[in-house]
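# Report on the structure
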Amino acid sequence: MSSPLSREAIVDSRTQAAALVGTGVGLWVLATIAFRLVGQVLLPPDDSGRVAIVFVATVPVMAMLAFAVYSLLDVPPERRLTAATLLVLPGMVLDAVAVTTFESFFANMAPSVGSTFGGLLLLAYAAVLLTGVVPLTYVGGAEEPTEQPGEQGTDGAGEHGRNETVGEG
């Protein structure tokens with residue numbers, strides 16, 4: 001049985017991290033193309049009601065997307081914050097460039113909605129990061145097992161046995 005610091009565990013962790021970063025880049029590309037094609041419909045400068053709907057819908061959509069990625073990549077609950085960070089970091093870096101050059105990058109949208117778009121991006125990234133700390137189960141997955149009051153370890157914090165492998169006593 002391998003320990004959490006075994007070579008296999010480290011390679012698996014690096015592979016998962018690379019998959020999360022790659023997924024983040026891929027999602028950024030798709031979202032950027034979508035806003036380049038229909039951004040003027042989603043964020044019209046003269047329709048604050050539509051803009052509000054887009055803002056409200058962004059939080060659950062991004063959270064569901066994040067939980068779907070966690071499920072597909074088998075991210076355990078205790079690694080979700082790291083996973084969320086790796087998922088959003090590429091997009092945040094790339095969007096720093098996109099927002100700085102908003103008028104040419106998103107020529108289909110009115111220049112006056114640049115700050116609104118930047119706010120929407122912040123909200124979207126915050127929603128994904130929040131999935132790293134909110135104790136929710138995976139989308140479509142089973143409930144996480146909960147610890148019963150009598151199952152705490154010797155230190156009373158419920159940490160006993162978390163790093164044990166099968167067969168250790």
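Keep in mind that what you see is a predicted model, and the values were worked out from it rather than measured.

### Comments concerning the overall build of the chain
Helices and strands together make up the secondary structure of the chain, namely five helices and zero strands. Walking the chain from its N terminus toward its C terminus, one meets helices and strands in the order α-α-α-α-α. Counting across all 169 residues of the chain, residues that qualify as buried make up 28%. In the chain, the proportion of contacts linking residues at least 24 apart, taken out of those at least 6 apart, comes to 74%. When the accessible area of the chain is evaluated, it comes to approximately 10500 Å², of which 66% is carbon and sulfur surface.

### Some details on the packing of helix H2 (residues 48–72) against helix H5 (residues 114–131)
The geometry of H2 relative to H5 is characterised by a closest axis approach of 8 Å and an angle of 35° between their N-to-C directions. Two packed elements cross with a definite hand, and for H2 against H5 that hand is right-handed. Facing Val51, Val54, Phe55, Thr58, Val59, Met62, Ala63, Ala66, Phe67 and Tyr70 of H2, the residues of H5 in contact are Thr116, Gly119, Leu120, Leu123, Ala124, Ala127, Val128 and Thr131. Here the contact of H2 with H5 is built from residues that sort into 14 nonpolar, four polar and no charged.

### Comments concerning the confidence of the model for the chain
It should be kept in mind that the predicted coordinates are not to be read in detail where pLDDT is low. For the chain, the mean per-residue pLDDT works out to 82, and 73% of the residues sit at or above 70. No element of the chain has a lower mean pLDDT than helix H1 (residues 7–42), which averages 88, and none a higher one than H5, which averages 97.

### Some points on the nonpolar core
Note that soluble globular proteins tend to have their nonpolar side chains buried in a common cluster. In this structure, Leu43, Tyr70, Met109 and Phe117 are the most contacted members of the largest nonpolar core, which totals 25 residues. Broken down by secondary-structure element, the contributors of at least two residues to this core are H1, H2, helix H3 (80–100) and H5. Counting residues per element, this core draws most heavily on H2, at six residues.

### Focus on the packing of aromatic side chains
Summed over the entire model, instances satisfying the criterion amount to seven aromatic pairs. Pairing phenylalanine 35 with phenylalanine 117 gives two aromatic rings, centres 5.1 Å apart and planes at 65°, and the pair type is edge-to-face. Here phenylalanine 117 lies in helix H5 and phenylalanine 35 lies in helix H1, a separation of 82 residues in the sequence. Residue phenylalanine 35 shares its accessibility class with phenylalanine 117, and that shared class is buried. An angle of 55° between the planes, with centres 5.3 Å apart, marks the rings of phenylalanine 105 and phenylalanine 106 as tilted.

### Regarding the side chain of glutamine 16
Here glutamine 16 lies in helix H1. The class of glutamine 16 is buried, set by a relative accessible area of 13%. The contact partners of glutamine 16, leaving out residues within four places of it in the chain, are Leu73, Asp74, Val75 and Arg79.

Basis of the calculations
- Residues numbered from 1 in each chain as written.
- Predicted model: local features only at pLDDT ≥ 70, side-chain atom pairs only at ≥ 80, totals over all residues.
- Heavy atoms only, no water.
- Helix = DSSP H or I, 4+ residues; strand = E, 2+ residues; numbered from the N terminus.
- Buried < 20%, exposed > 50% of the residue type's maximum accessible area, 1.4 Å probe, protein only.
- Contact = heavy atoms within 4.5 Å.
- Areas by Shrake-Rupley, 256 points an atom, 1.4 Å probe, with all protein chains shown as cover.
- Axes fitted to C-alpha atoms, helices over the stretch in contact; angles between N-to-C directions.
- Left-handed = near helix turned anticlockwise from the far one by under 90°.
- Nonpolar A, V, L, I, M, F, W, Y, C, P; charged D, E, K, R; others polar.
- pLDDT = per-residue confidence, 0-100.
- Core = buried A, V, L, I, M, F, W, Y, C linked by side-chain atoms within 4.5 Å.
- Phe/Tyr/Trp six-rings, centres within 6.5 Å; stacked < 30°, edge-to-face > 60°.

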